Amino acid sequence: MLVTTTDMFKKSMEEKFAIGAFNVNNMEIIQGIVDAAAESKSPVILQASSSAIKYARINYLMKMVEAAIEEHPEIPIAIHLDHGPDFETAKMCIDNGFTSVMIDGSKYDFEKNVELTKQVVEYAHSKGVVVEAELGKLAGIEDDVNVSASDAMYTDPDQAKEFVERTGCDSLAIAIGTSHGAYKFKGEAKLRFDILKEIKEKIPNTPIVLHGASTVIPKLVNMCNEYGGNIPGAKGVPDEILHEASISGVSKINVDTDLRLAMTAGIRKVFAEDPSAFDPRKYLTPARDLIKETVKHKMIDVFGSANRI
Ligand code: G3H
Ligand code: 13P
Ligand code: ZN
């Protein structure tokens, strides 16, 4: 069933597990994710960035989400705007049936972030839609914004409390050391769990979101490289750290890079093994299967969201 994130986040905070939010761009990705959710009986968030919406086109996206819901009415599914850049994009998604939107004001100063977030919250809440906001800066590449690693700014717990109180946002994305993409760490992977703990103490009822949280699954990177790719030195957040986050107050964990790797690995393998292949169904079927396997693993073994519907 189509839902907002309210009830799933409430359950995640009470029972200490996280919900996976997976970025979608096309039919195969949606099917892989939703089939994994159905098989593991997990609530799930499908999310689309503004560039994904441009690519897939909003009507197609919404119709595919509707189809997924018709096929799996027992699974709570939220459709969420990822990294909404401005009020207009958030409004467009709300008006088209999204149940949740993110307004990403992290590129602005605190006051401008508060002002923009409040504007989106007011409109979204009037339509029964929930809002994720972001405070603090992730190192790495966020859509069009490139924040150099040295500018990475962890979320300040006191500011987080003030921000949530002043904006009325429903959930908060924080910066504790993750970053977007396939190159998250040069040395050892480490997150600032001390900051997470402080934030949870200050705003215990606000669901916390972790962006840039792909594992950059070594098996998938190796598969891409083995079959003609060139993705050297890729490194993400290991499963154990994500599991720790899931039981330590993180309610939503965003995953895009691992899905991209799964899709690419699946397609590359077919092409490498059979250069004569040119039927899209032949190379997209293994890619879709790998996406399903990847998502199921996260739901069952890492986030703990399986059997929580
Ligand atoms: O955090 C951003 C997501 O990975 C979406 O990326 O804007 O290329 O769709 P995208
Ligand atoms: P990854 O690049 O780690 O998959 O992060 C995705 C994300 O945060 C989407 O908003
Ligand atoms: Zn993100």
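Keep in mind that what you see is a predicted model, and the values were worked out from it rather than measured. (Residues numbered from 1 in each chain as written. Chains lettered and ligands numbered in written order. Predicted model: local features only at pLDDT ≥ 70, side-chain atom pairs only at ≥ 80, totals over all residues. Heavy atoms only, no water.)

Glancing now at the site of ligand 2. In the vicinity of ligand 2, 15 residues are found, and the nearest of them are D82, K184, S214, D256 and T257. One of the side-chain N or O atoms of S214 is found 2.6 Å from an oxygen atom in ligand 2. One of the side-chain nitrogen or oxygen atoms of T257 is found 2.7 Å away from an oxygen atom of ligand 2. With the chains in place, 97% of the 310 Å² that ligand 2 exposes on its own is no longer accessible. Secondary structure elements with two or more residues in the shell around ligand 2: β3 (77–84) and β10 (250–255). Per-class residue counts for the shell around ligand 2 are 2 nonpolar, 10 polar and 3 charged. (Near = heavy atom within 4 Å. Polar contact = N/O pair within 3.5 Å; in protein donor to acceptor, adjacent residues only side chain to side chain. Areas by Shrake-Rupley, 256 points an atom, 1.4 Å probe, with all protein chains shown as cover. Helix = DSSP H or I, 4+ residues; strand = E, 2+ residues; numbered from the N terminus. Nonpolar A, V, L, I, M, F, W, Y, C, P; charged D, E, K, R; others polar.)

We now examine the packing of helix α5 (residues 87–95) against helix α6 (residues 110–126). Two quantities define a packed helix pair, namely the angle between the axes and the distance from one axis to the other. Here α5 crosses α6 at 15°, and the two axes come no closer than 10 Å. Here α5 is positioned roughly parallel relative to α6, judged by the angle of their axes. Between α5 and α6 lies a crossing of right-handed hand. Residue-level inspection shows F87, A90, K91, I94 and D95 of α5 in contact with α6, the latter providing L116, Q119, V120, Y123 and A124. (Axes fitted to C-alpha atoms, helices over the stretch in contact; angles between N-to-C directions. Parallel < 35°, antiparallel > 145°, perpendicular 65-115°, else oblique. Left-handed = near helix turned anticlockwise from the far one by under 90°. Contact = heavy atoms within 4.5 Å.)

As for its placement among the helices and strands, S40 is situated in helix α2 (residues 27–40). At 2.7 Å, the side chain of S40 and the backbone oxygen of A36 are in polar contact. Sequence-distant contacts of S40, defined by excluding residues within four places in its chain, comprise K296, M299, I300, A306 and N307.

What follows deals with the coordination of the zinc ion (ligand 3). Expected angles at a metal are 109.5 degrees for tetrahedral coordination by four donors and either 90 or 180 degrees for octahedral coordination by six donors. Here the zinc ion (ligand 3) is held by H83 (NE2), H180 (NE2) and H211 (ND1), and the distances to it run 2.1 Å. The sequence pattern formed by the donor residues of the zinc ion (ligand 3) is H-x96-H-x30-H. With H180 in the loop between β8 (171–174) and α8 (193–202) and H211 in the loop between β9 (208–210) and α9 (218–226), the pair connects residues that are 31 residues apart, well separated along the chain. For the residue pair H180 and H211, the accessibility class agrees, reading buried in each case. (Donors = N, O, S within 2.8 Å, 3.2 Å for Na, K, Ca; no water. Buried < 20%, exposed > 50% of the residue type's maximum accessible area, 1.4 Å probe, protein only.)

Below, the discussion takes up unusual backbone geometry. Although it is not a glycine, H83 adopts a positive phi angle of roughly 50°. Since its relative accessible area comes to 8%, H83 is described here as buried. Phi at N307 takes a positive value of approximately 60°, unusual for a residue other than glycine. Secondary-structure assignment places N307 in the segment after α12 (280–303). Its relative accessible area of 60% is what places N307 among the exposed residues.

Now for the nonpolar core. Residues F22, I33, L46, V101 and L172 are the most contacted members of the largest nonpolar core, which totals 96 residues. Of the residues forming this core, the biggest block, 9 residues, is contributed by α12. Of all hydrophobic cores here, the second largest spans 8 residues; its members include F9, F17, I45 and A78. (Core = buried A, V, L, I, M, F, W, Y, C linked by side-chain atoms within 4.5 Å.)

Once that is clear, we can look at the sheet that holds β3. Taking strand neighbours around the barrel as the criterion, the 8 strands line up as β1-β2-β3-β4-β5-β8-β9-β10 in a closed arrangement whose pairing is parallel. Direction aside, the axes of adjacent strands within the sheet are offset by 25° on average. As defined by bridge partners, β3 adjoins strand β4 (residues 100–103) across 3 bridges and the pair is classed as parallel. Among the inter-strand pairings, G84 is bridged to a residue of β4, identified as I103. Strand contacts of α6: β4 and β5 (130–135), with the helix running at about 170° to β5, the strand carrying the most contacts. Of the strands in this sheet, β8, β9 and β10 touch α8, which is tilted by about 155° from β9. (Pairing = 2+ DSSP bridges.)

For the rest of this paragraph, the subject is the pairing of β5. By the criterion of burial, β5 is predominantly enclosed, with 6 of the 6 residues buried. Side chains V130, E132 and E134 of β5 all project onto a buried face; the interleaved residues V131, A133 and L135 project onto the opposite face, where all are buried too. The pairing of β4 with β5 spans 4 bridges and is classified as parallel. Pairing of M102 across the sheet is with E132, part of β5. A crossover links β4 with its parallel partner β5, the connecting element being α6, and its sense is right-handed. Inspection of the sheet shows β5 paired to β8 by 4 bridges, in the parallel sense. Among the inter-strand pairings, A133 is bridged to a residue of β8, identified as L172. (Right-handed = clockwise from strand over helix to strand, strands pointing away.)

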